[in-house]
Amino acid sequence: MARESSNNCSNSSSSSSSRNREEIGEQRSIMACLADDTLLEVLRHLPTRYLLHAVALVCRRWRRLCESRLVYELVPPLWTPTYNPWGDMTEGRILKLAKQHASTLVTIQLHGLKQLNGKALEETCMELPHLHHLEVVSCPQFTVADYSRISKNLPSHLSTLVLLNLPQNGIVSNTSDISSCDDFIETLQKHCQSLQKLALDIFGSPGALDGLLQACHGLVSLNLNSNTLGWHHVGCIFQSCLSLCELSLISALLDNNDEQDTIPMNKTKVFNSNSLSETIPNSLVLLRLYKSTKQSIAWESEPGVHLLKARGQQLQQLHAHGLFNSSWYIIHTLCFNLKCLDLSHSNAQTYVLTKLEESAIVRLVQQLKKLEDLALPAATDRILFELGVHCPHLSKFFFQGHGPRLQLPAQSQVTDFGVSSLAQGCPKLHVLSLEGCDKVTITSARALAFHCRELQVLQLMGCRCWTDDAVAVLLPRLGHSLLFLDLLACPQISSAGLYRILQFIQAHGTSLRVLAISRSLFASSRSELAEMKKLVPFLDIRKGHARIDWMGFYNSRPWSYF
């Protein structure tokens, strides 16, 4: 008994001494000299996701502060499927979390919630005194009436409002919906005059926009889907929003160049092509003018040419979805400072470039040397070579189009020569899609592994010549940078390739978050995949689909953790 008691005493003394050592270690650190309020001022500059997953693990004090006073964002996890961004979390659980952190919550992004309605969100918004950013996207239960309902309870200091939920894309037909839209816009201009970013998929009468622009003249970003707004209204937006940096407008009236067919909001001035260019603010850097949800206006039209001639040199982002047209010549001549250019398409069939189209893209690439994000309708070895020569800052590159397709795009004009040239000249690549490149082999894998050490997203869907050895070549250099690896429809990838991935993870760990493989490979490699999940619990192994749909740079979710 004495021996047991002495052992107990020694155990308790050792545990208390270790506890004291932990506390003394925290107290002796430099950050321990800071008061809670001072430390919070330092930590609040970091994203909530990073605070909870990394900073909170430093010590007990930091965990307490992070979980109780530093939850500023409620946003979907990265890399989750587009159709189900919140995973297993229900609408009720998400709104309960919002109320739980009501004292600190600043940002809410409610994306893809099938059962979310206006009444539930209205009750939640009333309990969030510090809400500055609200996004409700792809929530099918939301109606025009719900928009009006929540607008009455939005805080006056709200700076971001994104409401994109209706399938009609701004087409409001019946009289009651038009009246509800006008009431919604009128409520916004009364209660939310501090708005800086506004995105809406509904709009009633054109006259409602005039009052909104006058009340919210500090808008920095504006995204509207409406078939009632034309070129004249673009001029009114430019004239009213002197600090506007981003403008996205989708309207069939933009395909009409006759100003007589547009309905002026402010009849004191009717804008023509010349006067339109005079109103463009100096702060404008992003432009997205579409005649439908998937097709850009023709920039060679009279209003488009006047606009780009006046301010094309200041634009940094231009979104111009559509198949080949003479707009490409206008863009490379007048917009030579672009950092983001989206020329992708949503055609259901594979798009093959002609020699004329290839030459037009080559001239464009040779001129736009500051490009960081580029999307093309298709590509060839010549185009990839020119990118490697002229665009050293390229970070994201797509050339397969986007949206649903009837078949995999076969990019037979891209070979190892083109991919190797691209990798050698663009070492800053973070996102690369080689989808459908059925001629690229291990040679391309070697080039990417050697030159592109920062690569985070690699899509290889349909790369029929990509082998197990090609996967093994990637791992030693890219195993700690890759977050997303798509190996779908790669018939030469076998369980041996997955075993090599497993061996690398066992020896070195990995940063990989998503691994997409075929259903047949999933069935034949269950033991390897099960071991991967044990070693890397956060790894999402998807069979038969990747579900990170790319819908153009403007509409896509973030591709990076950093």
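Our structure's up above, just so we're on the same page.
It should be emphasised that the depicted structure is a prediction, and the values quoted were computed from it without experimental measurement. (Residues numbered from 1 in each chain as written. Predicted model: local features only at pLDDT ≥ 70, side-chain atom pairs only at ≥ 80, totals over all residues. Heavy atoms only, no water.)

**A short note on the overall build of the protein chain**
- The helix and strand inventory of the protein chain stands at 21 helices and 18 strands.
- By residue count, 51% of the 562 residues in the protein chain fall in the buried class.
- When contacts within the protein chain are restricted to residue pairs at least 6 apart in sequence, long-range pairs at least 24 apart make up 75% of them.
- Total accessible area on the protein chain stands at roughly 24,700 Å², and carbon and sulfur atoms take up 52% of it. (Helix = DSSP H or I, 4+ residues; strand = E, 2+ residues; numbered from the N terminus. Buried < 20%, exposed > 50% of the residue type's maximum accessible area, 1.4 Å probe, protein only. Contact = heavy atoms within 4.5 Å. Areas by Shrake-Rupley, 256 points an atom, 1.4 Å probe, with all protein chains shown as cover.)

**Looking at helix 18 (residues 468–478)**
- Along helix 18, the positions that sit buried rather than exposed are Asp468, Ala470, Val471, Leu474, Leu475 and Leu478. One side of helix 18 holds all its buried residues, which, seen down the axis, span an arc of 155°.
- Along its buried surface, helix 18 packs onto helix 17 (442–451), strand 15 (457–459) and helix 19 (495–508). (Arc of directions from axis to C-beta.)

**Some words on helix 5 (residues 91–100)**
- For helix 5, every residue scored as buried is listed here: Glu91, Ile94, Leu95, Leu97 and Ala98. An end-on view of helix 5 places all buried positions within 155° of arc, on one side of the element. Relative to its buried face, helix 5 has exposed residues pointing more than 90 degrees away, namely Lys96 and Gln100.
- Looking at the buried positions of helix 5, the neighbouring elements they touch are strand 1 (73–74), strand 2 (107–111) and helix 6 (118–125).

**Side note on the environment of Trp299**
- Relative to the assigned elements, Trp299 resides in the loop between strand 9 (295–296) and helix 12 (302–311).
- Counting along the chain gives 32 residues from Trp299 to Ile331, while the straight-line C-alpha distance between them is 8.0 Å.
- Discounting chain neighbours no more than four positions away, the residues touching Trp299 are Leu287, Leu289, Gly304, Val305, Leu307, Leu308, Leu318, Ala320, Ser327 and Ile330.
- Within the local environment of Trp299, its side chain forms a polar contact with the side chain of Ser296, the two groups lying 3.4 Å apart. (Polar contact = N/O pair within 3.5 Å; in protein donor to acceptor, adjacent residues only side chain to side chain.)

**Some details on the pairing of strand 4 (residues 160–164)**
- Along strand 4, 4 of the 5 residues are buried, which leaves the element largely enclosed by surrounding structure.
- Note that strand 3 (residues 133–137) and strand 4 share 5 bridges and pair parallel. Paired with Val136 across the strands is Leu163, a residue of strand 4.
- Crossover strand 3 to strand 4 through helix 7 (residues 144–151) is right-handed.
- In the sheet, strand 4 pairs with strand 5 (residues 197–200) via 4 bridges, with the strands oriented parallel. Each residue of the ladder has a partner; that of Leu163, found in strand 5, is Leu200. (Pairing = 2+ DSSP bridges. Right-handed = clockwise from strand over helix to strand, strands pointing away.)

**Focus on unusual backbone geometry**
- Non-glycine residue Ser138 carries a positive phi angle of around 60°.
- Summarising the element assignment, Ser138 is placed in the loop between strand 3 and helix 7.
- Residue Ala489 is not a glycine yet carries a positive backbone phi of 55°.
- Along the chain, Ala489 turns up in the loop between strand 16 (484–486) and helix 19.
- Overall, the relative accessible area of 28% leaves Ala489 in the partly exposed class.

**What about the packing of aromatic side chains?**
- Scanning the model with the defined rule gives 5 aromatic pairs in all.
- A ring pair is formed by Phe397 and Phe399, whose centres lie 5.1 Å apart and whose planes are at 35°; its orientation type is tilted. For the pair Phe397 and Phe399, one class covers both residues: buried.
- Counting every residue linked through ring pairs, the aromatic cluster contains Phe142, Tyr147 and Phe184.
- Geometry around Tyr290 places Arg288 over its ring, the cationic atom sitting 4.6 Å from the centre.
- The ring of Phe538 carries the charged tip of Arg513 above its face, separated from the ring centre by 4.4 Å. (Phe/Tyr/Trp six-rings, centres within 6.5 Å; stacked < 30°, edge-to-face > 60°. Lys NZ or Arg CZ within 6 Å of the ring centre and 35° of its normal.)

**Focus: the environment of Val389**
- Looking at the element boundaries, Val389 is found in helix 15 (residues 381–390).
- Linking Val389 and Gln424, residues 35 residues apart in sequence, is a C-alpha distance of 8.9 Å.

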